[in-house]
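This is what each chain is made of:
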Number of protein chains: 4
Amino acid sequence: MKPKMTIPEIHDFLDKEFPQMKGAFEVLELEPRRLKLRMKITEENLRPGGTVSGPAMFTAADCAYYIATLAMIGPEALAVTTGCSINFMRKPEPTDLIAEARVMKLGKVLSVGDVMLYSEGMDEPVAHAHLTYSIPKPR
Amino acid sequence: MKPKMTIPEIHDFLDKEFPQMKGAFEVLELEPRRLKLRMKITEENLRPGGTVSGPAMFTAADCAYYIATLAMIGPEALAVTTGCSINFMRKPEPTDLIAEARVMKLGKVLSVGDVMLYSEGMDEPVAHAHLTYSIPKPR
Amino acid sequence: MKPKMTIPEIHDFLDKEFPQMKGAFEVLELEPRRLKLRMKITEENLRPGGTVSGPAMFTAADCAYYIATLAMIGPEALAVTTGCSINFMRKPEPTDLIAEARVMKLGKVLSVGDVMLYSEGMDEPVAHAHLTYSIPKPR
Amino acid sequence: MKPKMTIPEIHDFLDKEFPQMKGAFEVLELEPRRLKLRMKITEENLRPGGTVSGPAMFTAADCAYYIATLAMIGPEALAVTTGCSINFMRKPEPTDLIAEARVMKLGKVLSVGDVMLYSEGMDEPVAHAHLTYSIPKPR
């Protein structure tokens, strides 16, 4: 399962397709089945007490898995989340999130895998999600 | 499992504790084990194509279950999401979301239940989540 | 979503296709989107302390949702579980399990819904599962 | 998180506490946070078509995570599954199952982690589960 896109190609695709998210995600590493990215945490993702909100962690997991699937199948497809199961394990720090996505199965219809989430600089994960994406038929 | 708060008490609590969310949630119905609310959808929750984002649906499910648990245990407690499994079933309309939360178990340590999500005016649900909240020890 | 099979047709189909399970499941009620059944608990499903094993509860949820999907799409199809998220809420009694399945979405590719599990005679549910089945293309 | 039991201690504990499962599980590897085991597949776990049943895969994931938690907290505790989310990805072979459990968080109240399941001899996983166990208070 070699990636069909390079990191710069992914960044260009995201800027073009999701201009409203510009700068939110930076792909750090890409290899067969795996992708690592940083999600920038902004003021609106923080909660009182200096922690990152649950929806922001969900967004990081969901987008990381979307981008990982995209990297493996190429830029034409439009995958849609069908299910996500997420466990929150530790209180995140008010820093950027690092997401490590792993594609376990890339079938004709479904992409299945998981994402481990870290607060940048922490050793222990803050959350773990497993996700299923539906892959549309090629046009 | 009779609610320990009234709808106006819940609204007051939310305004005080989460001022940044003011006006986002309106509790519509409250009965033993069950709570129904509307989450206001704003420009930033929409996606191109006129649909509501996945993170916005996650937020609706998570907050609805939080508020339902709060209503049943009273305003002192600070519950924290430990896990959420959500299935996305239909494309939502660009309208407010209606969430129906059901508390299945309220133990000393965990609150477990589910949330059905609708686009306001649609008959069929757009998503279904089941959630687990950890309940802190009383102070 | 009217059922395409009657209760006796379902029982005949199960006896023929799964002879090794003969007598394990009895469909009690069937209506649009919903099916209720009893799973017989035998010695091998029990655990010391007089409770029903986790795998037996998983089996009840999985089979109830399979049979509910079958009832709605008709006897030709061969659906396969792709995902199950189950929360265990209370210790079951050493009695038969009652499963109430609800089909939330029946698409061309996926059937999505949930199952509430009870120990026969108990008011409160022992477990709740939500499940996704993949529906094969018609032959 | 160093294991508090050795592999022979685990086998002795299982034989004593779960005599009805004798010989079903063999721990192959044990290191901090991780445990790998084999679950013996018997005639009753097979399905027509030469595949392993869903409940048997659930059992493998559930028991592997139970044993991994036990190894990390020691033999006195009695942990109970509170939730499991499992994705089935590939048709298993009619051979023993290999389960790789990873403990992501071991708190005072909850143990959270995942299990990857393989058919012995296959490279690609057949299923992936993430699990939450409740840890009872020490006696």
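Values in this document were obtained by computation on a predicted structure and should not be read as measured data.

Description of the overall build of chain A
Okay, step 1: A count of helical and extended segments in chain A gives two helices and eight strands.
Okay, step 2: Computed over its C-alpha atoms, the radius of gyration of chain A comes to 14 Å, within 12% of the 14 Å expected for a compact globule of 139 residues.
Okay, step 3: Along the first, second and third principal axes, the C-alpha set of chain A runs to 45 × 25 × 25 Å.
Okay, step 4: Per-residue burial over chain A gives 47% buried out of 139 residues.
Okay, step 5: Once local pairs closer than 6 in sequence are excluded, the contacts in chain A between residues at least 24 apart make up 65%.

Observations concerning the packing of helix H2 (residues 54-73) of chain A against helix H2 (residues 54-73) of chain B
Okay, step 1: Packing of H2(A) against H2(B) leaves a shortest axis separation of 9 Å and a crossing angle of 140 degrees. Viewed along their axes, H2(A) and H2(B) form a crossing whose handedness is right-handed. Here H2(A) contributes Gly54(A), Pro55(A), Phe58(A), Thr59(A) and Asp62(A) to the contact with H2(B), which in turn contributes Gly54(B), Pro55(B), Phe58(B), Thr59(B) and Asp62(B).
Okay, step 2: Looking at side-chain class alone, the contact of H2(A) with H2(B) contains four nonpolar, four polar and two charged residues.

Brief notes about the sheet that holds strand E1 (residues 25-31) of chain C
Okay, step 1: Across the sheet, which stays open at both edges, the twelve strands sit in the order E1(C)-E2(C)-E6(C)-E7(C)-E8(C)-E5(C)-E5(D)-E8(D)-E7(D)-E6(D)-E2(D)-E1(D) with antiparallel pairing between neighbours. Pairing within the sheet leaves two strands with one partner each, and these edge strands are E1 of chain C together with strand E1 (25-31) of chain D. In this sheet, neighbouring strand axes are inclined to one another by 20 degrees on average, regardless of whether the strands run parallel or antiparallel.
Okay, step 2: By the bridge criterion, eight bridges tie strand E5 (residues 80-88) of chain D to strand E8 (residues 127-134) of chain D in an arrangement that is antiparallel. Note on E8(D): the bridge partner recorded for Thr81(D) is Tyr133(D).
Okay, step 3: Sitting on the sheet, helix H2 (residues 54-73) of chain C is in contact with E1, strand E2 (34-39), strand E5 (80-88), strand E6 (97-106), strand E7 (110-119) and strand E8 (127-134) of chain C together with E5 of chain D, with an inclination near 45 degrees to E6(C).

Considering the relation of the copies chain D and chain A
Okay, step 1: Least-squares fitting of chain D to chain A yields an RMSD of 0.0 Å, with the superposition described by an axial translation of 0.0 Å and a rotation of 180 degrees. Here the two chains are linked by the operation of a two-fold rotation axis. Relative to the rotation axis, the C-alpha of Ser85(D) is the closest in chain D, positioned 3.5 Å from it.

Examining the interface of chain D and chain A
Okay, step 1: Between chain D and chain A, the contact holds twelve residues from the first and twelve residues from the second.
Okay, step 2: Elements represented by at least two residues in the side of chain D that touches chain A include exactly E5, strand E6 (97-106), strand E7 (110-119) and E8 of chain D.
Okay, step 3: Looking at the side of chain D that touches chain A residue by residue, the class counts come to four nonpolar, five polar and three charged.

Points about the interface of chain B and chain A
Okay, step 1: Across the contact, 13 residues belong to chain B and 13 residues belong to chain A.
Okay, step 2: Elements with a contribution of two residues or more to the side of chain B that touches chain A: H2 and strand E5 (80-88) of chain B.
Okay, step 3: Looking at the side of chain B that touches chain A element by element, the count peaks at eight residues for E5(B).
Okay, step 4: Direction of pairing for strand E5 (residues 80-88) of chain A relative to E5(B): antiparallel, over a ladder of five bridges.

With respect to the nonpolar core
Okay, step 1: By size, the foremost hydrophobic cluster in this structure holds 176 residues, and its most contacted members are Ala61(A), Ala61(B), Ala61(C) and Ala61(D).
Okay, step 2: Not counting the four nearest positions on each side in its chain, Ala61(A) is found in contact with Cys84(A), Ile86(A), Ala99(A), Val115(A), Leu117(A), Ala127(A), Ala129(A) and Leu131(A).

Remarks on the relation of the copies chain B and chain A
Okay, step 1: Each copy superposes on the other: chain B lies on chain A with an RMSD of 0.0 Å after a rotation of 180 degrees and an axial shift of 0.0 Å.
Okay, step 2: Looking at the interface residues of chain B, 100% of them are also at the interface in chain A, so both copies use one shared face.

Examining the sheet that holds strand E8 (residues 127-134) of chain A
Okay, step 1: Sheet architecture is open: twelve strands sit in the order E1(A)-E2(A)-E6(A)-E7(A)-E8(A)-E5(A)-E5(B)-E8(B)-E7(B)-E6(B)-E2(B)-E1(B), paired in antiparallel fashion. Because the sheet does not close on itself, it has two edges, and the strands there are strand E1 (25-31) of chain A together with strand E1 (25-31) of chain B. Strand-to-strand twist of the sheet, defined as the mean angle between neighbouring strand axes without regard to direction, takes the value 20 degrees.
Okay, step 2: Seen against the sheet, H2(B) touches E5 of chain A together with E1, strand E2 (34-39), E5, strand E6 (97-106), strand E7 (110-119) and strand E8 (127-134) of chain B and runs at an angle of roughly 45 degrees to E6(B).

What about unusual backbone geometry?
Among all residues except glycine, the phi angle is most often negative; among peptide bonds, the trans geometry is most common.
All names here are of chain A.
Okay, step 1: Although it is not a glycine, Arg 33 sits at a positive phi angle of roughly 70 degrees.
Okay, step 2: If you trace the backbone, Arg 33 turns up in the loop between E1 and strand E2 (34-39).
Okay, step 3: Among the residues examined, Arg 33 registers 17 C-beta atoms within 10 Å and is labelled partly exposed.

Each value, and the rule that gives it
Residues numbered from 1 in each chain as written. Chains lettered and ligands numbered in written order. Predicted model: local features only at pLDDT ≥ 70, side-chain atom pairs only at ≥ 80, totals over all residues. Helix = DSSP H or I, 4+ residues; strand = E, 2+ residues; numbered from the N terminus. Rg over C-alpha atoms; globule rule 2.2 N^0.38 Å. Buried ≥ 20, exposed ≤ 12 C-beta atoms within 10 Å, placed from the backbone. Contact = placed C-beta atoms within 7 Å. Axes fitted to C-alpha atoms, helices over the stretch in contact; angles between N-to-C directions. Left-handed = near helix turned anticlockwise from the far one by under 90°. Nonpolar A, V, L, I, M, F, W, Y, C, P; charged D, E, K, R; others polar. Pairing = 2+ DSSP bridges. Least-squares fit on C-alpha atoms with pLDDT ≥ 70 in both. Core = buried A, V, L, I, M, F, W, Y, C linked by C-beta atoms within 7 Å.

These figures come from the coordinates and say nothing about function on their own.
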